Amino acid sequence: MWRSVVVLFALSASCSGLELQSEESTLLNHLSAVVPHGKRLKLKVENLNHPALRWRFNGRPVSEKCEVAIAQSSSTLSCPDMDWSDAGLYEYEAIAADGRREIVLAVDVKVAECTEELAAKQQQKVEQRVESVQEECFCSGITDRCRKAANLFRNQIVTNDTESDMVDLKISSDTVEESWSEDSEQESWTYYSLPSSQVGNLLKSYGGFFDFPTNDDGIDEDGPDVILKGKYYTLVHHNRRELLSSEVSRSKIEMTEDDWRQLNGEVVTKSVFMTVLGNVKAFYVKCHQFRLAEPQLMVLDSADWMDRGLGVVTTVEECECRTGYKGMSCESCSRGYYRRHAVGVQGICVSIREKWESLKASHSLKHKYA
């Protein structure tokens, strides 16, 4: 039903390469591989004709650290920093229009000993991840009772540069404004202003990635590469130019507070970052010096309850909201309540009925003693 070509390889500078062999006792599409600890596993299936597909790890969605790239006739799974817990059966399942399922590729992956240096590095990452999970809740400042949301799957919000407006921005240490006058003395830079699909409530993007075309001019003095503008804060991200590839004009940044800064250079806390994500007013990406011939995609990770075969998400919080609040992070007001911003950056949700009764009582007292 499906014809496939499989490419497997791993990347690292200090360990031996990945070993791959065919299993004689199984079908040709059932393979085994050994990946050194700390290296990358990459599986690619090509020449596919399928209506639906998904990658699986031990019968479940692949880990959130793995990236899935889907093209017109191929699918690539890339899992960096392979750990002992990543060993197991990786399968690529295709689903026909009539509901029939077929395992196009099955790879039994084992993780082998690498260098002590990489093992120590991996252990440090695990410890840091545990610490990040144990961080205090955001929950819009309403409660400190939360947990990691379960049964969420990776989704992607995809737009291209032709769907985005090109705007000139004036950027200072305290403001980012769109420039409308060519006679302005203040220098401005050109950015893509992303459409409505990539603004508003982006809290489900926390912990994911934003993948976008990079204007790799080798300098970092002409404004930040990405700008997130909220109601009270504006956050910027500057790419590390030495990490950019001369062959790939794209960059991928993590949607967490790490490596982001406020306009004045201050470090961004989790509370500030998630406050901005809760209500993004504008999302800007630096333009290329020359508009490219083909549309360039901008891809923002998000989370959803529908499994699209892109893996699971465990970085979104689920809060126990008090009466009057709703949303995963209590970022919205329930029906019958309205947002009052006089208290705190996030504001509070006030009962419309209670407010109305209070106004009536106050009005009645004024008339009584007039």
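Check the entry above for the structure.
Report on the accompanying structure.

What follows concerns unusual backbone geometry. Although it is not a glycine, C139 sits at a positive phi angle of roughly 50°. Mapping C139 onto the fold places it in the loop between α1 (116-133) and β11 (146-148). According to the relative accessible area criterion, C139 is buried, its value standing at 0%. Positive phi is not limited to glycine here, since S140 has a value of about 55°. Relative to the helices and strands, S140 is located in the loop between α1 and β11.

Once rolled over the atoms, a probe with the size of a water molecule shows which space is left empty. Each pocket or cavity is described by its volume, and for the second largest pocket that value is around 290 Å³. If you trace the second largest pocket, you find 18 residues lining it, with T275, G278, N279, V345 and Q346 closest to the centre. A total of 4 residues in the lining of the second largest pocket trace back to one element, the largest contributor, which is helix α2 (residues 270-278). Here the residues of the lining of the second largest pocket sort into 7 nonpolar, 8 polar and 3 charged.

On to the packing of aromatic side chains, then. Scanning the model with the defined rule gives 6 aromatic pairs in all. Consider the rings of F57 and Y90, whose centres lie 4.7 Å apart with planes at 35°: the pair is tilted. Of the two residues, F57 is situated in strand β5 (residues 52-57) and Y90 in strand β9 (residues 88-95); the sequence distance between them amounts to 33 residues. Neither F57 nor Y90 differs from the other in exposure class; each is buried.

On to the state of the cysteines, then. Overall, the coordinates contain 5 disulfides when judged by the stated rule. One disulfide in the model links C137 with C146; its S-S distance is 1.9 Å. With the S-S bond torsion at -90°, the cross-link from C137 to C146 turns out left-handed. Overall, the relative accessible area of 17% leaves C137 in the buried class.

Within the secondary structure layout, K326 lies in strand β25 (residues 325-326). Sequence spacing of K326 and C349 is 23 residues, and the spatial spacing of their C-alpha atoms is 9.9 Å. Those residues in contact with K326 that sit more than four places away from it in its chain are C321, E331, S332, C333 and S334.

Oppositely charged side chains can pair when the atoms bearing their charge come close. The tally for this structure, following the rule as stated, stands at 9 salt bridges. Here R54 makes a salt bridge to D307, at a shortest N to O gap of 3.7 Å. Note that R54 is positioned in strand β5 and D307 in the loop between β22 (297-304) and β23 (312-313), a separation of 253 residues in sequence. Accessibility assignment for this pair places R54 and D307 in one class, buried. If you follow the salt bridges from partner to partner, you end up with R145, R147, E318 and E320 in one network.

One open sheet accounts for 7 strands, arranged β14-β13-β15-β21-β17-β18-β20; its pairing is antiparallel. Each edge of the open sheet carries a strand with a single partner, namely β14 (176-178) and β20 (260-262). The sheet shows a mean angle of 35° between the axes of neighbouring strands, direction not considered. With 6 bridges connecting them, strand β13 (residues 165-171) and strand β15 (residues 188-193) associate as antiparallel partners.

Of all 9 residues in α2, 7 are buried, a share of seventy percent or more. Taken as a whole, α2 has its buried residues at K270, V272, F273, M274, T275, V276 and L277. In the core, the buried residues of α2 are packed alongside β17 (226-229), β18 (234-237), β20 and β24 (317-319).

This next bit is on the nonpolar core. Formed by 27 residues in total, the largest nonpolar core has its most connected members in F210, L228, W260, F273 and F283. Where this core is concerned, the elements lending two or more residues are β16 (209-213), β17, α2, β21 (282-286) and β22. Ranked by residue count, the leading element in this core is α2, at 5 residues. L228 has contacts with Y233, T234, L235, M255, W260, F273, V276, L277, V280, A282 and F283, leaving out every residue within four places of it along the chain. Counting residues in each nonpolar core, the second largest holds 24 residues, with L41, L53, W55 and A94 among its members.

By way of backbone hydrogen bonds, the strands of a sheet pair with one another, either parallel or antiparallel. Read from one edge to the other, the open sheet built from 5 strands follows the order β19-β16-β22-β12-β23, with strand pairing classed as antiparallel. What marks the edges here is a single partner per strand, and that holds for β19 (250-254) and β23.

Attention shifts here to the pairing of β13. Where β13 lies against β14, 3 bridges are found, and the strand directions are antiparallel. What sits directly across from L169, in β14, is E178. Hairpin connection, β13 to β14: the antiparallel pair is bridged by 4 residues.

Each value, and the rule that gives it
Residues numbered from 1 in each chain as written. Predicted model: local features only at pLDDT ≥ 70, side-chain atom pairs only at ≥ 80, totals over all residues. Heavy atoms only, no water. Helix = DSSP H or I, 4+ residues; strand = E, 2+ residues; numbered from the N terminus. Buried < 20%, exposed > 50% of the residue type's maximum accessible area, 1.4 Å probe, protein only. 1 Å grid on protein atoms, 1.4 Å probe; cavity = no way out; pocket = protein on both sides within 12 Å on 5 of 7 lines; lining within 4 Å. Points joined across faces, edges and corners; volume = space filled by probe spheres on them. Nonpolar A, V, L, I, M, F, W, Y, C, P; charged D, E, K, R; others polar. Phe/Tyr/Trp six-rings, centres within 6.5 Å; stacked < 30°, edge-to-face > 60°. Disulfide = S-S within 2.5 Å. Contact = heavy atoms within 4.5 Å. Salt bridge = Lys/Arg side-chain N within 4 Å of Asp/Glu carboxyl O. Pairing = 2+ DSSP bridges. Axes fitted to C-alpha atoms, helices over the stretch in contact; angles between N-to-C directions. Core = buried A, V, L, I, M, F, W, Y, C linked by side-chain atoms within 4.5 Å.

Keep in mind these numbers describe shape, not what the thing actually does.
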